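Observations on the three-dimensional arrangement
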Amino acid sequence: MSEPDKDLEDNLRAFKEQLPKLLETNEGRFAVGRVGDEFSCWDTYADAIQYAYQRYELKPFIVKQVLRFERPISMMYVA
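Thresholds applied
- Residues numbered from 1 in each chain as written.
- Predicted model: local features only at pLDDT ≥ 70, side-chain atom pairs only at ≥ 80, totals over all residues.
- Heavy atoms only, no water.
- Helix = DSSP H or I, 4+ residues; strand = E, 2+ residues; numbered from the N terminus.
- Buried < 20%, exposed > 50% of the residue type's maximum accessible area, 1.4 Å probe, protein only.
- Salt bridge = Lys/Arg side-chain N within 4 Å of Asp/Glu carboxyl O.
- Pairing = 2+ DSSP bridges.
- Axes fitted to C-alpha atoms, helices over the stretch in contact; angles between N-to-C directions.
- Contact = heavy atoms within 4.5 Å.
- Expected span 1.5 Å × (residues − 1).
- Bend = angle between axes of the 7 residues up to and from the residue.

Moving on, we come to unusual backbone geometry. With a phi angle near 50°, glutamate 57 is a residue other than glycine that sits in the positive phi range. Of note, glutamate 57 is situated in the loop between helix H2 (45-56) and strand E3 (62-65). Judged by relative accessible area, glutamate 57 falls into the exposed class, the value being 58%.

Attention now moves to the pattern of salt bridges. Applying the stated criterion across every chain yields a total of 8 salt bridges. Notably, a salt bridge pairs arginine 29 with aspartate 43, separated by 2.8 Å at the nearest N-O pair. Of the two residues, arginine 29 sits in the loop between helix H1 (3-26) and strand E1 (30-33) while aspartate 43 sits in the loop between strand E2 (40-42) and H2, which places them 14 residues apart along the sequence. For arginine 29, a relative accessible area of 25% puts it in the partly exposed group. A single salt-bridge network, built from bridges that share partners, covers Lys6, Glu9, Asp10 and Arg13.

Further remarks concern the sheet that holds E2. One key point about sheets: their strands pair by backbone hydrogen bonds, in either a parallel or an antiparallel sense. Pairing within the open sheet is antiparallel, and its 3 strands lie in the order E2-E1-E3. On the outer flanks of this sheet lie E2 and E3, each paired with one strand and no other. Strand-to-strand twist across the sheet, computed as the mean angle between neighbouring axes with direction ignored, equals 30°. In the sheet, E1 pairs with E2 via 3 bridges, with the strands oriented antiparallel. Bridge pairing in E2 places phenylalanine 30 opposite tryptophan 42. In the packing of H1 onto the sheet, the strands contacted are E1, E2 and E3, and the crossing angle to E3 comes to about 40°. With respect to the sheet, H2 is in contact with E1, E2 and E3, its orientation differing from that of E1 by roughly 10°.

This paragraph deals with H1. A rise of 1.5 Å per residue sets the reference length of H1, with its 24 residues, at 34 Å; its end C-alpha atoms lie only 30 Å apart and thus fall more than 12% short of the reference. At leucine 19, H1 shows its maximal bend, which comes to roughly 55°, and the proline proline 20 appears one to four places after that position. Every buried residue of H1 is listed here: Asp10, Asn11, Ala14, Phe15, Leu19, Leu22, Leu23 and Asn26. Backbone geometry just after H1 places glycine 28 at a positive phi near 95°.

Dropping the structure here:
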């Protein structure tokens, strides 16, 4: 597994671990964080991204919407 893939997997795992707590008061908002940090939540994706780049600069981080159920997205490639 490449380093970027491992970072993404680790950050996603950290988000999932904190998800039950985040859902208590932040459902629908956007969570920002990375492994080893407590996630913070923002009302808009734009605010979340702005905070993430200020906080983490070029270190890997994740921004995910806090949702009880994630809706799968089907992406079809048409050539």
